[in-house]
Amino acid sequence: MTILLTGGSGFLGSHIAEQLSESGVSFRALARGTSNTSLLSKLRNVELVNGELSDTTSLARAFEGVTQVIHSAGLVKARSNEEFHRVNAQGTINVLEAAKRAGSVERFVFVSSLAVAGPSAKGEPVSVSDTNPVTHYGRSKLTAERACQAQKGELPITIIRPPLIYGPRDRECFAFFKAVSLGVFPYMGSLARGFSAIFAPDCAAACIAATKADVPSGSVYFVEDGHTETLGELISHIERAMGKRARIRIPVPRMALEVAAFGSEVFGMLTDRAVMLTRDKCNELYATHWVCDASDTRHALNWQPKVSFAEGAKITYEWYKRAGWL
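Structure report, in brief. Predicted model only: the values in this text are computed from it and were never measured.

Residue placement: Ser 120 occurs in the loop between strand S5 (107–111) and helix H5 (136–150). For Ser 120, a relative accessible area of 6% translates into the label buried. Apart from residues lying up to four places away in sequence, Ser 120 is in contact with Val 126, Thr 288 and His 289.

Below, the discussion takes up a nonpolar patch on the surface. A surface patch of nonpolar side chains, amounting to about 220 Å² of accessible area, comprises Val 184, Ile 248 and Ile 250. With respect to the element layout, Val 184 can be found in strand S8 (residues 184–187).

A few words now on the pattern of salt bridges. Applying the stated criterion across every chain yields a total of 15 salt bridges. Its salt-bridge partner being Arg 279, residue Glu 265 comes within 2.6 Å of it at the nearest N-O pair. In this pair, Glu 265 is assigned in helix H9 (residues 254–271) and Arg 279 in helix H10 (residues 279–285), connecting sequence segments 14 residues apart. For Glu 265, a relative accessible area of 19% gives the class buried. Here Lys 281 makes a salt bridge to Glu 284, at a shortest N to O gap of 2.8 Å. Here the residue Lys 281 and the residue Glu 284 both occupy positions in helix H10, the gap between them amounting to 3 residues, near one helical turn. Like Lys 281, the residue Glu 284 is buried in the burial classification. One salt-bridge network, held together by shared partners, links Arg 79, Glu 83, Arg 86 and Asp 272.

Over its 13 residues, helix H7 (residues 200–212) extends 19 Å from the first C-alpha to the last, a length consistent with the 18 Å expected when each residue adds 1.5 Å. Where H7 is concerned, the buried positions are Ala 200, Asp 202, Cys 203, Ala 204, Ala 206, Cys 207, Ile 208, Ala 209, Ala 210 and Thr 211. Those residues of H7 that are buried are in contact with helix H1 (11–22), strand S4 (68–71), S5, strand S6 (157–161), strand S7 (164–166) and strand S10 (197–199).

At a minimum axis separation of 8 Å, helix H8 (residues 231–242) and helix H12 (residues 309–323) run at an interaxial angle of 45°. With respect to H12, the axis of H8 lies oblique. The way H8 lies across H12 gives a crossing that is right-handed. Contact residues: Leu 234, His 237, Ile 238, Ala 241 and Met 242 in H8; Phe 309, Ala 310, Ala 313, Lys 314 and Tyr 317 in H12. Split into classes, the residues belonging to the contact of H8 with H12 amount to 8 nonpolar, 1 polar and 1 charged.

With that out of the way, let us pick up the pairing of S5. Judged by how many residues are buried, S5 sits mostly within the fold: 5 of 5 residues are covered. Side chains Arg 107, Val 109 and Val 111 of S5 all project onto a buried face; the interleaved residues Phe 108 and Phe 110 project onto the opposite face, where all are buried too. Pairing of S4 with S5, which is carried by 4 bridges, proceeds in the parallel orientation. Across the sheet, Val 69 pairs through a bridge with Phe 108, a residue of S5. Assessed by its sense of winding, the connection that carries the chain from S4 through helix H4 (residues 81–102) to S5 is right-handed. Where S5 lies against S6, 4 bridges are found, and the strand directions are parallel. If you follow Val 109 over to S6, its bridge partner there is Thr 158.

What follows deals with the sheet that holds strand S2 (residues 27–31). Strand order across the open sheet formed by 7 strands is S3-S2-S1-S4-S5-S6-S11, with parallel pairing between neighbours. In this open sheet, the two strands that pair with only one neighbour each are strand S3 (46–50) and strand S11 (219–222). The mean angle between the axes of side-by-side strands here comes to 20°, regardless of whether they run parallel or antiparallel.

The subject of this paragraph is unusual backbone geometry. A positive phi is found at Arg 169, a non-glycine position, where the angle reads about 80°. Of note, Arg 169 is situated in the loop between S7 and helix H6 (174–182). We note that Asp 272 has phi near 55°; this positive angle belongs to a residue other than glycine. Structurally, Asp 272 can be placed in the loop between H9 and H10.

The rules behind each value
Residues numbered from 1 in each chain as written. Predicted model: local features only at pLDDT ≥ 70, side-chain atom pairs only at ≥ 80, totals over all residues. Heavy atoms only, no water. Helix = DSSP H or I, 4+ residues; strand = E, 2+ residues; numbered from the N terminus. Buried < 20%, exposed > 50% of the residue type's maximum accessible area, 1.4 Å probe, protein only. Contact = heavy atoms within 4.5 Å. Patch = residues over 30% accessible without salt bridge, like charges linked within 9 Å, V, L, I, M, F, W, Y side chains within 5 Å. Areas by Shrake-Rupley, 256 points an atom, 1.4 Å probe, with all protein chains shown as cover. Salt bridge = Lys/Arg side-chain N within 4 Å of Asp/Glu carboxyl O. Expected span 1.5 Å × (residues − 1). Axes fitted to C-alpha atoms, helices over the stretch in contact; angles between N-to-C directions. Parallel < 35°, antiparallel > 145°, perpendicular 65-115°, else oblique. Left-handed = near helix turned anticlockwise from the far one by under 90°. Nonpolar A, V, L, I, M, F, W, Y, C, P; charged D, E, K, R; others polar. Pairing = 2+ DSSP bridges. Right-handed = clockwise from strand over helix to strand, strands pointing away.

In structure tokens form, the structure reads like this:
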């Protein structure tokens, strides 16, 4: 068995790579020449392959003898809407085509996102049949999912939709911890907004479990830790983990954040950098609830999340301290 992992130098991909290495499974990691592969290069049982999602020649080389694929590569921020679709959608199409040409793939796992289903207006878990993305990121992932579904007769495909992923090495949720450390926590929307979350190692374990599960091709599964938390509760968990309170919690009006987002976009254009805060991102930040249910996933993939947000926040905080981020 040979597993090909895309996105191994990214946040979630790095946790998948660690678990594959620790289990003794030999795997191949596709990485761009500009990617930071320092963590991957220290792992056992990994073969690094230089390549890109847009390079069909490198993809063909990476797929030689591959039996399982975990396609976790993708952008969560981009320099343009077109870049989201070029990498997340067209990149997935390229990987699917390479998998078909290889002729040896027994399971193709695509890491998608809750952003495809979209927010829940009333706080009830969304369904795997829901497709209501509110950002270009979500729409690019939906296009990628549809490409996967179009090939489900040619390849055995499993789609994983994580919600908020957090844990060691995460830069996006780091902003929450940084705000608490400063004692001032600006927040968007209501503190009563509901969220599902998943600790990165638990999400990685689900992706690996999906390579082994004999489920119908085209099946879609949410992964979450079994607890819906409000934004206020998430903040409180982080505060308890850090032993410190953000004594000032400031609601940020949407108009004010959109002005800041416009400035962020201008900075991105001037420096040719992808920025996280955009006016499009505001559609996600001010949506009602982001809630899903992984009850079916636990049985279908023979997988169980191990870490709650309360515990995961402590583990993540300790990692940030050891790494010198806080």
